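Listed below are the residues making up each chain.
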Amino acid sequence: MNLQDLRKSPLFEGLTDAELKQLMAMAESVSLRAGDVLIKQGEPGDSAYVLINGEFEVQKQSGQSLIKIDVRNPGDVVGEMALLSRAPRSASVIAKTDGETLRIPQEAFEKLLQSSTTAAMAVLHWVMARLTQNESLLHQQEKMAALGTMSAGLAHELNNPAAAAQRSASQLKETQSRWLSLTYQIERAAFQENKRSTPQSGSADQTEWLNDFMREASNRFESPLKLDALEKIDLVDQLQSWLESSGIDSAWELAPAMVNFGWTPESLEKLKGSLSPSLFSLAIQWLGSGCSMIGLLAEVLQTTDRISQIVRAIKSYTYLDQAPLLEVDIHEGLENTLVIMQHKLKKGVTVKREYAPDLPRIEAYASELNQVWTNIIDNAVDAMQGKGEIKIKTYGEDQRVIVEITDNGPGIPEEIQSRIFEPFFTTKAPGQGTGLGLHISHDIVANRHHGQLLVESKPGETKFKAVLPISISKS
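Residues numbered from 1 in each chain as written. Predicted model: local features only at pLDDT ≥ 70, side-chain atom pairs only at ≥ 80, totals over all residues. Heavy atoms only, no water.

Peer 1: Sorry if this is basic, but what is going on with the packing of helix 11 (residues 330-340) against helix 13 (residues 366-383) here?
Peer 2: For any two helices packed against each other, the geometry is given by the interaxial angle and the distance between the axes. Close contact between helix 11 and helix 13 brings their axes to 9 Å; oriented N to C, the two are set at 50°. The angle between helix 11 and helix 13 falls in the class oblique. Remark: the crossing between helix 11 and helix 13 carries right-handed chirality. Of helix 13, the residues touching helix 11 (which contributes Ile 330, Gly 333, Leu 334, Thr 337 and Leu 338) are Leu 369, Asn 370, Trp 373, Thr 374 and Ile 377. For the contact of helix 11 with helix 13, the residue count by class is six nonpolar, four polar and no charged. (Axes fitted to C-alpha atoms, helices over the stretch in contact; angles between N-to-C directions. Helix = DSSP H or I, 4+ residues; strand = E, 2+ residues; numbered from the N terminus. Parallel < 35°, antiparallel > 145°, perpendicular 65-115°, else oblique. Left-handed = near helix turned anticlockwise from the far one by under 90°. Contact = heavy atoms within 4.5 Å. Nonpolar A, V, L, I, M, F, W, Y, C, P; charged D, E, K, R; others polar.)

Next up, the structure:
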């Protein structure tokens, strides 16, 4: 090992030959085989290592996951951050190939810094670059983790209406086949009864009756009723009892569908009195199947519309194919965020909206603001353990737009409120949070939009307040 090996590292390239010789005199060479552990996560940071040759992988254990962070090569320095902060190692370094390193113990590192201002400045520049690199990497990991969580939730949200649409479509196919068969049977029965009747018997023309009946049914199919749950239960019970007393099979299955289109015992009584029992039974079966078929078709339309709504919300949430700086409707962004987060909210969270009707549009990085709303609402749901109320209030004030998001969770302890926007600060259990969500949100509001992100908290009420200028360029 010679001085040029050390000069491969940006950390030492500015040092004099004398300073490098002093460092080498206090350091020791460490050789490793492929698979050997150079640094182990959690151990004391009592030394730094200069990689002389070989390839090394940086790994971090996060919960049950092993994350491969980076690959380091000759000239790189590892372990210096834990050494400087005297903190436990935050990650492990594993040799991917046979390699050689130079171990610099804490005493040697500190002596070098004390004796050389050049060395101190070189280390300072190195540390700042490493902090920037690490924060950028963790920002990306936070976004990817949030994306993974959101993707899982969206998959669940899309699966529900998709499965419902598939189920309704399958039932619709069976019901339509039965309805077509009943249509043929009722037309055939009406035609035969019409042939048997004579003018002298005084029997009504059955085919004319059938036309009137089908015309009335078609009109009702186009106008389903809107009934509340209790009202519908009472009407179904009444119609089911009447159908059963009239000798109709499967009355329990036909009644709910028929009630949706306004059929009652009174509206069917005249029909019963003018038809033979067999034709009346066929008419009711045809009518019930038709009502079921239209109801199933409405379910398919409703569920596929829900899928379309989620897809539209995703596109608006990310502002695909649009410039990053836009004239933004804050309410639209909030609503799209709520749609995206529905998988977490529907488990027991009530959302109360107090939107200002005349709120102006603002100049903003739209998708980044949506990330702010997502982080705040997600934290609120977690704080309330999935059950409670979130109130979202918007209003304008002095050429600014204010968004307040309040939850009725336990609140943030007063002694840590001043730290919640710090990077890596989190009150969540290990593996459940990185401490970057609110830091990123604060950066987006304060630095990207020249606004303010404030917090007020007490037991039962935590309020995040985002103050945003209407125009970034004029703020």
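Peer 1: Can you help me understand the nonpolar core in this one?
Peer 2: Nonpolar side chains in soluble globular proteins tend to be buried together. Core analysis: the biggest nonpolar cluster contains 39 residues, and Ile 330, Trp 373, Ile 377 and Ile 390 have the highest contact counts within it. It is helix 13 that contributes the most residues to this core, eight residues altogether. Ignoring anything within four residues of it in the chain, the contact list for Ile 330 reads Leu 359, Ile 362, Leu 369, Trp 373, Thr 394, Val 401, Val 403 and Leu 468. Within the second largest apolar cluster, 38 residues are counted, among which are Phe 221, Ala 255, Phe 261 and Ile 284. (Core = buried A, V, L, I, M, F, W, Y, C linked by side-chain atoms within 4.5 Å. Buried < 20%, exposed > 50% of the residue type's maximum accessible area, 1.4 Å probe, protein only.)

Peer 1: What's the story with the packing of aromatic side chains in this structure? I'm lost.
Peer 2: Each pair of aromatic rings is reported with the distance of its centres and the angle of its planes. Throughout the structure, instances matching the rule amount to five aromatic pairs. A centroid spacing of 5.5 Å and a plane angle of 55° characterise the contact between Phe 213 and Trp 286, whose relative ring orientation is tilted. With Phe 213 in helix 6 (residues 206-221) and Trp 286 in helix 10 (residues 277-318), this pair connects stretches of sequence that are 73 residues apart. Under the relative-accessibility criterion, Phe 213 is labelled buried at 4%. The residue whose ring lies beneath Arg 220 is Trp 263, and the NZ or CZ to ring-centre distance is 4.1 Å. (Phe/Tyr/Trp six-rings, centres within 6.5 Å; stacked < 30°, edge-to-face > 60°. Lys NZ or Arg CZ within 6 Å of the ring centre and 35° of its normal.)

Peer 1: So what exactly am I meant to see when it comes to the pairing of strand 13 (residues 400-407) here?
Peer 2: Within a regular beta strand, the side chains point alternately toward one face of the sheet and then the other, so they alternate between its two faces. In terms of burial, strand 13 is a largely internal element, seven of the eight residues being buried. What sits between the antiparallel neighbours strand 12 (residues 388-397) and strand 13 is a turn of two residues, in which Asp 398 has the positive phi angle 50°. (Pairing = 2+ DSSP bridges.)

Peer 1: Is there a simple way to explain the pattern of salt bridges in this structure?
Peer 2: It is possible for side chains bearing opposite charge to pair when their charged atoms get close. On inspection of all chains with the given rule, the structure shows 14 salt bridges. Between Glu 55 and Lys 96 there is a salt bridge whose closest N-O contact spans 3.7 Å. Highlighted residues: Glu 55 in the loop between strand 3 (47-53) and strand 4 (56-62) and Lys 96 in the loop between strand 7 (92-95) and strand 8 (99-105), separated in sequence by 41 residues. When its relative accessible area of 29% is taken as the criterion, Glu 55 is described as partly exposed. (Salt bridge = Lys/Arg side-chain N within 4 Å of Asp/Glu carboxyl O.)

Peer 1: Any chance you could explain the sheet that holds strand 13 here in plain terms?
Peer 2: In any sheet, the strands associate via hydrogen bonds between backbone groups, in a parallel or an antiparallel arrangement. With respect to topology, five strands assemble into an open sheet ordered 10-12-13-15-14, the strand pairing being mixed. Two strands close off the open sheet at either side, each with one partner strand: strand 10 (349-354) and strand 14 (452-458). Going from strand to strand, the sheet's axes swing by 15° on average, the running direction of each strand aside. Pairing between strand 12 and strand 13: eight bridges, direction antiparallel. For Lys 391, the partnering residue across the bridge sits in strand 13 and is Thr 406.

Peer 1: Looking at this structure, I do not really get the pairing of strand 14. What am I missing?
Peer 2: Across the two faces of strand 14 the burial differs, with Leu 453, Val 455 and Ser 457 buried and Gln 452, Leu 454, Glu 456 and Lys 458 not buried at all. The turn joining strand 14 and strand 15 (residues 461-469), which pair antiparallel and follow one another in sequence, is formed by two residues; a positive phi near 90° is taken by Gly 460.

Peer 1: What exactly am I supposed to notice about the environment of Glu 354 here?
Peer 2: Relative to the elements of secondary structure, Glu 354 occurs in strand 10. It is 7.4 Å that separates the C-alpha atoms of Glu 354 and Lys 391, two residues lying 37 residues apart in sequence. Apart from the residues within four sequence positions on either side, Glu 354 is in contact with Lys 391, Ile 392, Lys 393 and Thr 394.

Peer 1: Just checking my understanding: could you explain a negative patch on the surface for this structure?
Peer 2: Taken together, the side chains of Asp 228, Glu 231, Asp 234 and Asp 237 make up a negatively charged region of the molecular surface. Look at Asp 234 and you get partly exposed, because its relative accessible area is 46%. (Patch = residues over 30% accessible without salt bridge, like charges linked within 9 Å, V, L, I, M, F, W, Y side chains within 5 Å. Areas by Shrake-Rupley, 256 points an atom, 1.4 Å probe, with all protein chains shown as cover. Lys, Arg positive; Asp, Glu negative; His and termini not counted. Charge placed at Lys NZ, Arg CZ, Asp CG, Glu CD.)

Peer 1: Please clarify how the sheet that holds strand 1 (residues 28-32) should be interpreted in this entry.
Peer 2: Ordered in space as 1-8-3-6, the four strands form an open sheet in which the pairing is antiparallel. Unpaired on one side and paired on the other, strand 1 and strand 6 (77-78) mark the two borders of the sheet. The strands touched by helix 4 (residues 106-115) are strand 3 and strand 8; relative to strand 8, the strand with the most contacts, the crossing angle is about 65°.

Peer 1: Whenever I open this one, unusual backbone geometry confuses me. Can you help?
Peer 2: Excluding glycine, residues mostly have negative phi values, and the peptide bonds linking residues are mostly trans. Look at Ser 250: it is not a glycine, yet its phi comes out positive at around 55°. Topologically, Ser 250 is positioned in the loop between helix 7 (229-245) and helix 8 (251-259). Of note in the backbone geometry, Gln 385 takes a positive phi value of approximately 55° without being a glycine. Here Gln 385 shows up in the loop between helix 13 and strand 12. By relative accessible area, Gln 385 is classed as exposed at 72%.

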